[in-house]
Amino acid sequence: MDRCDNRLSFAAAKKKVLCVGNTVVDCISIVKKFPEPSKPEKCGNSFWQRGGTAANTATVLQNLGVSTEIFVMLSTNPMFELMLHDLRLRGIETGNCPRDESNPPFSLVFLTKESNTCTITNCTSKFPYVTLEDFKKLDLNKYGWIHFRGREPDVTTSMMELVAAHNAKHKEKKIFMSMDVTMELTNLWPMLDLCDFAFFSKQLATMYGWPKTREACRRLDDLFRQRNSKNRPYSVFLWGSQGAGLLDQDGNYVRMHAYKIKRVVDGLGAGDAFVAAFIYAMYVRERSVTVAATFANRMAAHKCTKFGFDHLA
Ligand code: FRU
């Protein structure tokens, strides 16, 4: 049995993974320096591709052989047909996604060579988010893991509550829940109380002024303790080229070093690749959290060595 058959047989034994969130059109420009105001900057290359956290995570999971579905609002705009076609070609299920006639949401992305940075302006505010009514139509029995985008707190909390109620009735077939955390925490606590794993971004740490992985995890632990919540998730702090910090439910901290690569070609979606690889290792391969985080660090680094996600298979 080769490596790929082996992987597929592990994945086939599991229920689907559902990724809830968004998909956007990413317009990417590769520049030497980040453009200065009113100063044209030559662009070495530019292209567009399907992006968005849920769609990127689903792409990597599907590339790893995991049967994956996305639950996002899809645009009926003809330009978006190409995105849909791409999702279908990959076998990512979209059948339960609601549709909207508005222009598709898009992001402008600068991949800057000199500083090795990826700068994104994300424009989704005018595009509707998936609703609770549509989520209620899903047959939850089909899923073994649901990964949520940590946005739209009201609707996402209600979706998670539905999953928690389902889990209470089907104790032996629990659906694992995870979420991304990139925005201010105030409205996210109810979601954090409901999920099993939470992936915090370095962007969030910068927002709070937490300079290092250890300190970010300590401060997060303090916040969890102050809230005295009955349930808290296993927390993973993604720290880009510096790896990740792990904080278990008792507040124990472990630092996971990043896998070093010679040159960053494309860092767009590296965090999404980390999350997908982590879910794969935890859920499909039933590995420990530290093994999952080591694998996820490697996959996130490998993602950065080429454009897109198709080398992660
Ligand atoms: C990368 C990404 C991009 C998208 C942006 C906002 O993590 O998903 O593909 O433009 O974040 O969703």
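Along every chain, residues carry numbers that run from 1 in the direction the sequence is written. Under the rules for a predicted model, residues below a pLDDT of 70 receive no local features and side-chain atom pairs below 80 are neither given nor counted, while totals for whole chains, interfaces and linings still include all residues. Heavy atoms throughout the structure, all of them, feed into the side-chain values; hydrogens and water do not.

- Naming follows an unreviewed UniProt entry, where the protein appears as Carbohydrate kinase PfkB domain-containing protein of Drosophila rubida.

### Looking at the state of the cysteines
Phase 1 of the analysis: The disulfide criterion used throughout: a pair of cysteine sulfur atoms within 2.5 Å. In total, this model carries 0 disulfides according to the counting rule given.
Phase 2 of the analysis: With no disulfide of its own, cysteine 97 lies 11 Å from the sulfur of cysteine 19, the closest cysteine sulfur.

### Quick notes on the packing of helix α2 (residues 53-63) against helix α9 (residues 270-284)
Phase 1 of the analysis: Helix axes are fitted to C-alpha atoms over the stretch in contact, other axes to C-alpha atoms as well, and angles between N-to-C directions run from 0 to 180 degrees. Strands are runs of DSSP state E lasting at least two residues, helices are runs of H or I lasting at least four, and both sets are numbered from the N terminus onward. It is at 8 Å that the axes of α2 and α9 come closest, and there the two elements cross at 50 degrees. One way to sum up the angle between α2 and α9 is to call them oblique. α2 and α9 meet at a crossing whose hand is right-handed. Residue-level contacts link Thr53, Asn56, Thr57, Val60 and Leu61 of α2 to Asp272, Ala273, Val275, Ala276, Ile279 and Tyr280 of α9.
Phase 2 of the analysis: Throughout, the ten residues Ala, Val, Leu, Ile, Met, Phe, Trp, Tyr, Cys and Pro are labelled nonpolar, Asp, Glu, Lys and Arg are labelled charged, and all others, Gly among them, are labelled polar. Here the residues of the contact of α2 with α9 are counted per class, giving 7 nonpolar, 3 polar and 1 charged. With respect to orientation, any angle under 35 degrees is reported as roughly parallel, any angle over 145 as roughly antiparallel, any angle of 65 to 115 as roughly perpendicular, and every other angle as oblique. With the far helix as reference, a near helix turned anticlockwise by less than a right angle produces a left-handed crossing, and one turned clockwise produces a right-handed crossing. Whether two residues are in contact is decided by their heavy atoms, any of which lying within 4.5 Å being enough.

### Observations concerning the pattern of salt bridges
Phase 1 of the analysis: Here, a salt bridge means any Lys or Arg side-chain nitrogen found within 4 Å of an Asp or Glu carboxyl oxygen. Within this structure, the stated rule accounts for 15 salt bridges.
Phase 2 of the analysis: Here aspartate 310 ties to arginine 90 by a salt bridge, and the two come within 2.8 Å at their closest N and O atoms. Linking aspartate 310 in the segment after α10 (289-303) with arginine 90 in the loop between α3 (78-89) and β6 (99-100), this pair joins segments that are 220 residues apart in sequence.
Phase 3 of the analysis: The cut-offs for exposure are 20% and 50% of the maximum accessible area for each residue type, with area from a 1.4 Å probe on protein chains only; residues under the lower value are buried, those over the upper are exposed, and the others partly exposed. Classification of aspartate 310 as partly exposed rests on a relative accessible area of 48%.
Phase 4 of the analysis: By relative accessible area, arginine 90 is classed as partly exposed at 24%.

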